[in-house]
Amino acid sequence: MDEIKISAQDVNVFYGETHALQDVNVKIRDNTVTAFIGPSGCGKSTFLRCINRMNDTIEICRVKGDILIDAEDIYDRQVDPVQLRAKVGMVFQKPNPFPKSIYDNVAYGPRIHGLARNKPELDEIVEKSLRRAALWDEAKDRLGQPGTGLSGGQQQRLCIARAVATAPEVLLMDEPCSALDPIATAQIEELIDELRQNYCVVIVTHSMQQAARVSQHTAFFHLGHLVEYGETGQIFTNPQDKRTESYITGRIG
Amino acid sequence: MQDLHIASAFDRDLEDITALIMKMGGLVESAILNSANSLVDRDVELAAKVRAGDKAIDALEIQINEEAARLIALRAPVGGDLRTVLSVMKISHNLERCGDYCKNLAKRTTVLAEMPPIGGSSNAIRRMAREVERMLKDVLDAYIQRDTELAADVRARDTEIDQMYNALFREFLTHMMEDPRNITACMHLHFIAKNIERMGDHVTSIAEQVIYVVSGEIPDEDRRKLDRTSFVGKVGG
């Protein structure tokens, strides 16, 4: 059994008057891909964004309850959100490389966090990160070219390389394949499967098939509640909650 | 060999479920040989072993069906992958039935061991069982190799099993007509022969699944049916 990496206790999130997440309790395992599924507005992305305090950037957003990573409360006053986000990397729906070279995209995080003492060390981090993201072979001869010149699937892998360059422990992915074609999607999914050996991966997806394919655990959110959380095979063959069954079989929106 | 999937976990799932089929097939092959040997050698201990061993075969069928359901739910297989998963479910059912027939054979062996032998029928039954076992071995190879020629060959060989069964059927009729004290043993032996003949049909069904997995089509029912015993006694038949 893999160890618990992230532990959420009685998490409630409010956007102004809106109660977006209600009493979420969940323990997310390390070296595991955990998928969050549920209809739009169910709170799955909100919860994902709590894990690296992205919600701090939204003024009207309030988060109550505790989220622990390795038993450390990430909402503690002493935690620096910038440091936290180096430890908890994020990949977004649309590939968003910086308008810089492929090399600089990956080197950006290590530079601002001072992770490399010299150029050879930085080179090493860039190569290792691009390899982790299965982009090295395609990019190694064009590291100086702009990241925006890559194909959509390559750009997303570049964003994954950028996320892993700061040596994170958790990788959050918010619909990382929704802008990609089926082959690029399959490649990213295969990459996610490899990444789980080194990271705790949490992915939000609208595609239930994707959740089924890539994750070992699945959490179903509905109307701000975490309805069901379990082993992915069980969720998709024998869900315990009627709402989960209805959602995965396409009966509620 | 087919190209690998981009999602390597998909390939692993398909390999795992195929490995379970092979494991199940191996258990059934042993059960066929052991049950036939127990009959000829009047070895009730071996028969008891066959009866106990059927649990493992049944458990594998359940496991295979669960894995197949999981694979369908999680991977949404299409094309050849879908046919593979469907075939696996069908083949596991065929194998499970064969396992049951072996168990039944072993039960009857314990009864027959107490009775005088009926001619050389036990040996004839064992020859039939051995041939079915060879067919099963070949069809499982054909499944792994996706070898439709070998599968078609296995399918054709079922007519030999039918002929062996016809011959035994007539032999048992003769023994029963000669001496009514033979009836109990002959009834048991006849059920055994019939069950082995049914195993041949299940093996044939597996051969058809091989052809289905490769071609997407179940072969037509154009085999010559040589089991004529359904018409024995028919006036003018």
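You'll find the structure just up there.
I will try to describe carefully the structure that is included in this document. (Residues numbered from 1 in each chain as written. Chains lettered and ligands numbered in written order. Predicted model: local features only at pLDDT ≥ 70, side-chain atom pairs only at ≥ 80, totals over all residues. Heavy atoms only, no water.)

## Considerations on the overall build of chain B
- Assigned secondary structure in chain B consists of six helices and zero strands.
- Taking 2.2 N^0.38 as the reference for a compact globule, 237 residues should give roughly 18 Å; the C-alpha atoms of chain B span a radius of gyration of 20 Å, in line with that estimate.
- The principal-axis extents of the C-alpha atoms in chain B amount to approximately 70 × 45 × 25 Å.
- Among the 237 residues that make up chain B, the fraction classed as buried is 48%.
- In chain B, 85% of the contacts between residues at least 6 apart in sequence involve partners at least 24 apart. (Helix = DSSP H or I, 4+ residues; strand = E, 2+ residues; numbered from the N terminus. Rg over C-alpha atoms; globule rule 2.2 N^0.38 Å. Buried < 20%, exposed > 50% of the residue type's maximum accessible area, 1.4 Å probe, protein only. Contact = heavy atoms within 4.5 Å.)

## Describing the sheet that holds strand S2 (residues 18-29) of chain A
Residue and element names in this part refer to chain A.
- The four strands lie next to each other as S2-S1-S4-S5, forming an open sheet whose pairing is antiparallel. Each edge of the open sheet is held by one strand with a lone partner, namely S2 and strand S5 (72-73).
- As paired elements, strand S4 (residues 61-69) and S5 share two bridges and run antiparallel to each other. Within S5, the position partnered with Ile69 by the bridge is Glu72. (Pairing = 2+ DSSP bridges.)

## Overview of the interface of chain A and chain B
- Taken residue by residue, the interface counts 13 residues in chain A and eleven residues in chain B.
- Between chain A and chain B lies a buried interface of about 950 Å² when both sides are counted; carbon and sulfur atoms form 54% of it.
- Summed over the three residues of chain A that lose the most area to chain B, namely Glu190, Gln209 and Arg213 of chain A, the buried surface amounts to 40% of that side.
- Between the two partners, chain A and chain B, sit two salt bridges.
- With a closest N to O distance of 3.0 Å, Glu231 of chain A and Arg70 of chain B form a salt bridge.
- If you look at where chain A meets chain B, you find three residue pairs in polar contact (both at pLDDT 80 or more). (Buried area = accessible area lost by both parts, 1.4 Å probe. Salt bridge = Lys/Arg side-chain N within 4 Å of Asp/Glu carboxyl O. Polar contact = N/O pair within 3.5 Å; in protein donor to acceptor, adjacent residues only side chain to side chain.)

## Digging into a negative patch on the surface
All names here are of chain B.
- On the surface, Glu15, Asp16, Glu66 and Glu67 cluster together into a patch of negative charge.
- Counting residues per element, the ones that place at least two in the negative patch are helix H1 (8-41) and helix H2 (44-75).
- Looking at the element boundaries, Glu15 is found in helix H1. (Patch = residues over 30% accessible without salt bridge, like charges linked within 9 Å, V, L, I, M, F, W, Y side chains within 5 Å. Areas by Shrake-Rupley, 256 points an atom, 1.4 Å probe, with all protein chains shown as cover. Lys, Arg positive; Asp, Glu negative; His and termini not counted. Charge placed at Lys NZ, Arg CZ, Asp CG, Glu CD.)

## Topic: the sheet that holds strand S9 (residues 217-222) of chain A
Residues and elements named next belong to chain A.
- With mixed pairing, six strands are arranged side by side in an open sheet as S6-S7-S8-S3-S9-S10. Both edges of this open sheet fall to strand S6 (88-91) and strand S10 (225-231), since each of them pairs with a single strand only. Averaged over all adjacent pairs, the angle separating strand axes in this sheet is 20°, with direction ignored.
- Against the sheet, helix H6 (residues 152-164) contacts S6 and strand S7 (170-174), and its axis sits at roughly 170° relative to S6. (Axes fitted to C-alpha atoms, helices over the stretch in contact; angles between N-to-C directions.)

## Overview of the environment of Thr57 of chain A
Residue and element names in this part refer to chain A.
- Within the secondary structure layout, Thr57 lies in the loop between helix H1 (44-50) and S4.
- Overall, the relative accessible area of 56% leaves Thr57 in the exposed class.
- A sequence separation of 126 residues divides Thr57 from Ile183, and the C-alpha atoms of the two residues are 34 Å apart.
- Looking at Thr57, its side chain comes within polar contact range of the main-chain oxygen of Met54, at 2.6 Å.

## Quick notes on a nonpolar patch on the surface
Residues and elements named next belong to chain B.
- Nonpolar side chains collect at one region of the surface, where Ile72, Leu82, Leu86 and Met89 lie side by side and expose about 270 Å² of accessible area between them.
- Positionally, Leu82 belongs in helix H3 (residues 79-112).
- Given the relative accessible area of 31%, Leu82 is considered partly exposed.

## Comments concerning the nonpolar core
All names here are of chain B.
- With 62 residues, the main nonpolar core has Ile32, Ile125, Leu136, Val139, Phe172, Ile196 and Met199 as its most contacted residues.
- Looking at this core, the elements that each hand over two or more residues are H1, H2, H3, helix H4 (121-145), helix H5 (148-178) and helix H6 (183-215).
- No other element matches H6, which puts 13 residues into this core.
- Ignoring any residue separated from it by four or fewer positions in sequence, one finds Ile196 in contact with Leu105, Ile125, Met128, Ala129, Val132 and Ile161. (Core = buried A, V, L, I, M, F, W, Y, C linked by side-chain atoms within 4.5 Å.)

## Examining the packing of aromatic side chains
- All told, the structure shown has six aromatic pairs over all chains when counted by the stated rule.
- Chaining the aromatic ring pairs together yields one cluster made of Phe36, Phe47 and Phe221 of chain A.
- Positioned above the aromatic ring of Phe14 of chain A is the side chain of Arg62 of chain A, whose terminal nitrogen or guanidinium carbon lies 4.6 Å from the ring centre.
- Over the aromatic face of Tyr101 of chain B sits the side chain of Arg97 of chain B, whose NZ or CZ is 5.8 Å from the ring centroid. (Phe/Tyr/Trp six-rings, centres within 6.5 Å; stacked < 30°, edge-to-face > 60°. Lys NZ or Arg CZ within 6 Å of the ring centre and 35° of its normal.)

## A look at the pairing of strand S8 (residues 200-204) of chain A
All names here are of chain A.
- Counting buried positions along S8 gives five out of five residues, so the element sits mostly inside the fold.
- A two-sided burial pattern is seen for S8, the buried positions comprising Cys200, Val202 and Val204 on one face and Val201 and Ile203 on the other.
- Bridge analysis of strand S3 (residues 33-37) against S8 gives four bridges, and the strand direction is parallel. Bridge pairing links Ala35 to Ile203 in S8.
- Inspection of the sheet shows S7 paired to S8 by five bridges, in the parallel sense. The residue of S8 that forms the bridge with Met173 is Ile203.
- Regarding the hand of the β-α-β motif, the stretch spanning S7, helix H7 (residues 182-195) and S8 is right-handed. (Right-handed = clockwise from strand over helix to strand, strands pointing away.)

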